[in-house]
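Commentary on secondary and tertiary structure
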Amino acid sequence: LLLTEFIEKCPMVKDDKNLDNLFKIISDYLDDRWFECKLDLLNCTISLIFAAEAKFKPYANICLFRVLDYLTDMDWMKRKLAINIVYTLVFYCSQQIMAVKQNIIEFLNTLKEDSVEEVREVCLQTLKFIEEKENEGEEGGEREERGEREELEEPAETSKIKSLELEFDNNYKTINQKDFN
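Let's talk about the confidence of the model for the protein
- Here the protein averages 77 in pLDDT, while 67% of its residues score no lower than 70.
- Within the protein, helix H5 (residues 76-92) carries the highest mean pLDDT (96), whereas helix H9 (residues 156-174) carries the lowest (42).
- This model gives residues 141-181 a pLDDT under 50, and the stretch forms 34 contacts once residues within four places in sequence are excluded.

In structure tokens form, the structure reads like this:
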């Protein structure tokens, strides 16, 4: 709890080196199966994203990979916090996260029928928010298309998104310490 408050109030968190160190520590302990305080770490992760805001973008995908396992955890509070992290990532790092939204949606769709009402509610809110962000992106694309009628065979973003989705699948299966080196 104290670490969460420290992260939220400390201006040093916005320093790239401090952010990198804090994220590495939190991520390492999230992966440590013997560490017992996972709820606190998930709360710290949310606080870190709030504190760093746009500076968190380089960590967004790694963070997402770290919390996906918690979406299926037996503890409903861990599932709920993991969904809150996904929501927060979509809010602050939408470009990075929306690139792999299909994978996230698959995980969240399984939680729409969760036995705990709070998990279902947060899940539905997150799915709705992802849909809203997706619609914002489509509207932005339509405005650009009307403004400039350039003909492109395939936008550069499309191939980038495809490679990110592949990277997401591969990294989620094999994520380990080398991601931080």
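A short note on the packing of helix H2 (residues 16-31) against helix H3 (residues 38-52)
- For the pair H2 and H3, the least separation of the axes is 10 Å and the interaxial angle reads 155°. Comparing the axis directions of H2 and H3 gives the class roughly antiparallel. Here H2 and H3 pass one another in a crossing that is left-handed. In this structure, H2 uses Leu19, Leu22, Phe23, Ile26, Tyr29, Leu30 and Asp31 to contact H3, whose residues at the interface are Lys38, Leu41, Leu42, Cys44, Thr45, Leu48 and Ala52.
- For the contact of H2 with H3, the residue count by class is eleven nonpolar, one polar and two charged.

Looking at helix H4 (residues 60-68)
- Among the nine residues of H4, nine are classified as buried, and the element is accordingly described as predominantly covered.
- Buried within H4 we find Ala60, Asn61, Ile62, Cys63, Leu64, Phe65, Arg66, Val67 and Leu68.

Procedures and definitions
- Residues numbered from 1 in each chain as written.
- Predicted model: local features only at pLDDT ≥ 70, side-chain atom pairs only at ≥ 80, totals over all residues.
- Heavy atoms only, no water.
- pLDDT = per-residue confidence, 0-100.
- Helix = DSSP H or I, 4+ residues; strand = E, 2+ residues; numbered from the N terminus.
- Contact = heavy atoms within 4.5 Å.
- Axes fitted to C-alpha atoms, helices over the stretch in contact; angles between N-to-C directions.
- Parallel < 35°, antiparallel > 145°, perpendicular 65-115°, else oblique.
- Left-handed = near helix turned anticlockwise from the far one by under 90°.
- Nonpolar A, V, L, I, M, F, W, Y, C, P; charged D, E, K, R; others polar.
- Buried < 20%, exposed > 50% of the residue type's maximum accessible area, 1.4 Å probe, protein only.

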